[in-house]
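As a plain string of letters, each chain reads:
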There are 4 protein chains.
Amino acid sequence: MGMPMELNTLIVTKTHEKRVQENLFTLQKDGYRLYPIEIPIEIRTTLEGETRGTALIKKIEWENAKTTITYQMISLNSSN
Amino acid sequence: MGMPMELNTLIVTKTHEKRVQENLFTLQKDGYRLYPIEIPIEIRTTLEGETRGTALIKKIEWENAKTTITYQMISLNSSN
Amino acid sequence: MGMPMELNTLIVTKTHEKRVQENLFTLQKDGYRLYPIEIPIEIRTTLEGETRGTALIKKIEWENAKTTITYQMISLNSSN
Amino acid sequence: MGMPMELNTLIVTKTHEKRVQENLFTLQKDGYRLYPIEIPIEIRTTLEGETRGTALIKKIEWENAKTTITYQMISLNSSN
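Residues numbered from 1 in each chain as written. Chains lettered and ligands numbered in written order. Predicted model: local features only at pLDDT ≥ 70, side-chain atom pairs only at ≥ 80, totals over all residues. Heavy atoms only, no water.

Q: How would you summarise the overall build of chain A if you had to cite specific residues and measurements?
A: Counting secondary structure elements, chain A contains 0 helices and 8 strands. C-alpha atoms of chain A, sized along the principal axes, occupy 45 × 25 × 20 Å. The proportion of buried residues among the 80 residues of chain A is 48%. Put simply, 56% of the contacts in chain A that link residues at least 6 apart link residues at least 24 apart. Approximately 4000 Å² of chain A is accessible, and the part contributed by carbon and sulfur atoms is 47%. Of the charged side chains in chain A, 10 are positive and 10 negative; the average position of the first set lies 3 Å away from that of the second. (Helix = DSSP H or I, 4+ residues; strand = E, 2+ residues; numbered from the N terminus. Buried < 20%, exposed > 50% of the residue type's maximum accessible area, 1.4 Å probe, protein only. Contact = heavy atoms within 4.5 Å. Areas by Shrake-Rupley, 256 points an atom, 1.4 Å probe, with all protein chains shown as cover. Lys, Arg positive; Asp, Glu negative; His and termini not counted. Charge placed at Lys NZ, Arg CZ, Asp CG, Glu CD.)

The following block contains the structure:
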C-alpha cells in the first residue's frame, strides 16, 4: 500500500515539452515525480546530453500515474 | 534554496472542501503538501475531530505555494 | 537519474521487526521509503491484516537501497 | 499533524562537514531534509557561493528534527 514516486533533480524533456507561452512550457512524464518548485533546475533534452539551460517549475500536477509540470525557462545555455 | 513541504497522512477539511460531483471534492491547502494518491486515507473535519470516513485522492496540484487535492469519498463513518 | 522512493502511511512488519528496548523496535525494508516521523502511524503484521496498534517513528535511515526505521509502540490494539 | 520537511537539490556545507575517511564526509542539518541519494549532487560552501564539486550522498538519517547525510566527493571544481 505504499505509493511509488521518484525524486527528480533535473528536467529531461526528450523533446516532449509543449510551448504554452513565450517561455512557458508543459511536460508530461510517467509516474508520480517530485521536483523542486520555484527553485532553479537544470533542463536537458536527454539524460546524458548537454544542459539546455535553467528553468523554474511553476506548477506540478499528479493524476492517473502521470506527472505534468509547467515550467518557465529562465536562462539558456549560451553554447546552444 | 530548499523547498519546504509537508507530508500529510490525513485529509483535514476544516469544511473548506468543494463538491465537484456526487462524491468527488476539491480542497485547497496552504503550502506544498505531499499526500498519498490512490491510497485510502482518513478524512476529518478538524485535526482533533472524529473520522468522517475514507477517501481516495485522485489528483494533486501544487502551484503558488498552495496544494489542491481532488478526492473521492469511498466510505463514510457510520456514526455520522 | 531520478531516485525511486515510496511514500508509506502504515508500518507493515511481516514480523521482521527487532526489539531494541522495552517498546522500541527497528525494522528494515527494501528501497527508499518515506514515512511520517514523530506522528502516530498504524502498525500491522501484514498489509491486509488487522491493526496491531499505533507507533511513533523516531528515526529513519536510508542507505544501500534499504530503509531502516526505529519506532516506539504507543498503543496496542486491545483485541490482541 | 503534517510533518514538515524540505526538498534539497544542493548540499550547502557552511563548513560544518566532518571528514570520516579520505573523501567521505558527514554533515548535520536542521529539520527533516530530503536529498537525492546515490545521484550526483552539487556541493557548495554557501548557498550563494561557487560550486565546490560534485558528491554522491550514500546515507541519510532523520532523527530529532535533524538530518545527517554521509557523502562521498566524486569530483572537485578545478578552479579551487
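Having seen it, we continue.
Q: Tell me about the sheet that holds strand β1 (residues 3-7) of chain A, residues and numbers included.
A: One open sheet holds the 4 strands; their spatial order is β5(A)-β1(A)-β1(C)-β5(C), and the pairing between them is mixed. Edge positions in the open sheet fall to β5 (33-34) of chain A together with β5 (33-34) of chain C, since each of these has one partner strand only. As paired strands, strand β1 (residues 3-7) of chain C and β5(C) are joined by 2 bridges and run parallel to one another. Of the residues in β5(C), the one forming a bridge with L7(C) is L34(C). (Pairing = 2+ DSSP bridges.)

Q: Just give me the short version of the packing of aromatic side chains, but keep the residues and values in it.
A: Residue and element names in this part refer to chain C. Enumeration over the complete set of coordinates arrives at 10 aromatic pairs over all chains. When the ring of F25 is compared with that of Y71, the centres are 5.6 Å apart and the planes differ by 20°; the resulting orientation is stacked. With F25 in strand β4 (residues 24-30) and Y71 in strand β8 (residues 66-76), the pair connects residues that are 46 residues apart, well separated along the chain. Judged by its relative accessible area of 0%, Y71 falls in the buried class. For the pair Y32 and W62, a centre-to-centre distance of 6.3 Å together with 55° between the ring planes defines the contact as tilted. Note that Y32 is positioned in the loop between β4 and β5 and W62 in strand β7 (residues 51-63), a separation of 30 residues in sequence. (Phe/Tyr/Trp six-rings, centres within 6.5 Å; stacked < 30°, edge-to-face > 60°.)

Q: Please provide a residue-by-residue account of the interface of chain A and chain C, values included.
A: Opposite the 11 residues of chain A that make contact, chain C presents 10 residues. Summed over both sides, the interface between chain A and chain C buries roughly 970 Å², with carbon and sulfur atoms accounting for 66% of that surface. For the pair chain A and chain C, the number of links is 0 salt bridges. Counting across the interface, chain A meets chain C through 3 residue pairs in polar contact (both at pLDDT 80 or more). (Buried area = accessible area lost by both parts, 1.4 Å probe. Salt bridge = Lys/Arg side-chain N within 4 Å of Asp/Glu carboxyl O. Polar contact = N/O pair within 3.5 Å; in protein donor to acceptor, adjacent residues only side chain to side chain.)

Q: Mind laying out the interface of chain A and chain B, listing which residues take part and the relevant values?
A: Listed by partner, the interface residues are 19 residues for chain A and 19 residues for chain B. For the pair chain A and chain B, the summed buried area comes to about 1600 Å², and 68% of that belongs to carbon and sulfur atoms. Ranking the residues of chain A by area buried against chain B places I37(A), I39(A) and W62(A) at the top, with a combined share of 31%. Taken together, the links from chain A to chain B amount to 4 salt bridges. K59(B) is the salt-bridge partner of E61(A), the closest N and O atoms lying 3.7 Å from each other. In this structure, the connection of chain A to chain B is made through 2 residue pairs in polar contact (both at pLDDT 80 or more). Sorting elements by how many residues they give to the side of chain A that touches chain B places strand β7 (residues 51-63) of chain A first, with 6 residues. Its residues assigned to classes, the side of chain A that touches chain B comprises 12 nonpolar, 2 polar and 5 charged. Two elements, β7(A) and strand β7 (residues 51-63) of chain B, share 5 bridges in a ladder whose sense is antiparallel. Bridge pairing in β7(B) links I60(A) to W62(B). (Nonpolar A, V, L, I, M, F, W, Y, C, P; charged D, E, K, R; others polar.)

Q: Mind laying out the relation of the copies chain A and chain B, listing which residues take part and the relevant values?
A: When chain A is fitted to chain B, the residual RMSD is 0.0 Å, and the transformation amounts to a turn of 180° plus an axial shift of 0.0 Å. One copy is carried onto the other by what is essentially a two-fold rotation axis. Proximity to the rotation axis, assessed at the C-alpha, singles out E61(A) in chain A; its C-alpha lies 2.2 Å from the axis. Of the interface residues in chain A, 100% have counterparts in chain B that sit at the interface too, so the contact is made through matching surfaces. (Least-squares fit on C-alpha atoms with pLDDT ≥ 70 in both.)

Q: Could you give an account of the environment of L27(B), with specific residues and numbers?
A: Residues and elements named next belong to chain B. Within the element layout of this structure, L27 appears in strand β4 (residues 24-30). On the basis of relative accessible area, L27 is assigned to the buried category, the value being 1%. C-alpha separation for the pair L27 and E61, spaced 34 residues apart in sequence, amounts to 10 Å. Look past the residues within four positions of L27 in its chain and what remains in contact with it is I11, V12, T13, H16, E17, T67, T68, I69 and Y71.

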